[in-house]
Amino acid sequence: MDCDEMQVIEEPNLSERKETGKRGRKPGRKASTEKVDIRAKLERSRQSARECRARKKLRYQYLEELVADREKAVLALREELERYKKWGAELSEGNIPEGFHQLLEEAGVLKQEQVI
């Protein structure tokens, strides 16, 4: 192409742009109301953060209590398992372990003897 044949590209006129977008400053608003709005927004944000931290703290307290309860249950079950292991070893030796009769009575295997 020769320099004489170059096409001229027209740029759109910026003043003819539509003003319907949501960006930018809204007409009629003053800077002082914007400061008040920003302060209110910051205060709402701070309050929301405080509430979030409080909810998080309560959630962690609940979970810690739940873990403590479960740990107690695990400990009780381990103790019970050890007791049953000892009873099994004693029964294998031919001995009747202490508290074994009471367990059988509670389970309904043995009927309680009546004293007249």
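Source: prediction; values computed, not measured.

Draft legend 1. Region of the structure containing the overall build of the protein chain. Along its length, the protein chain carries 2 helices and 0 strands. Counting every position in the protein chain, which comprises 116 residues, the buried fraction comes to 3%. For the protein chain, the exposed surface amounts to about 12,200 Å²; the carbon and sulfur share of it is 53%.

Draft legend 2. Spatial organisation of the packing of aromatic side chains. All told, the structure shown has 2 aromatic pairs when counted by the stated rule. Ring geometry for Trp-87 against Phe-100: centres 5.6 Å apart, planes inclined by 90°, an arrangement best described as edge-to-face. Placement of Trp-87 in helix α1 (residues 31–92) and of Phe-100 in helix α2 (residues 100–107) is noted, with a sequence separation of 13 residues between them. In textbook terms, an aromatic cluster arises when at least three aromatic residues are bridged by ring pairs, as seen for Tyr-84, Trp-87 and Phe-100. Sitting above the plane of the Tyr-84 ring, Arg-83 keeps its charged end 5.4 Å from the centroid. Lying over the aromatic face of Trp-87, Arg-83 brings its terminal NZ or CZ to 5.7 Å of the ring centre.

What counts and how
- Residues numbered from 1 in each chain as written.
- Predicted model: local features only at pLDDT ≥ 70, side-chain atom pairs only at ≥ 80, totals over all residues.
- Heavy atoms only, no water.
- Helix = DSSP H or I, 4+ residues; strand = E, 2+ residues; numbered from the N terminus.
- Buried < 20%, exposed > 50% of the residue type's maximum accessible area, 1.4 Å probe, protein only.
- Areas by Shrake-Rupley, 256 points an atom, 1.4 Å probe, with all protein chains shown as cover.
- Phe/Tyr/Trp six-rings, centres within 6.5 Å; stacked < 30°, edge-to-face > 60°.
- Lys NZ or Arg CZ within 6 Å of the ring centre and 35° of its normal.

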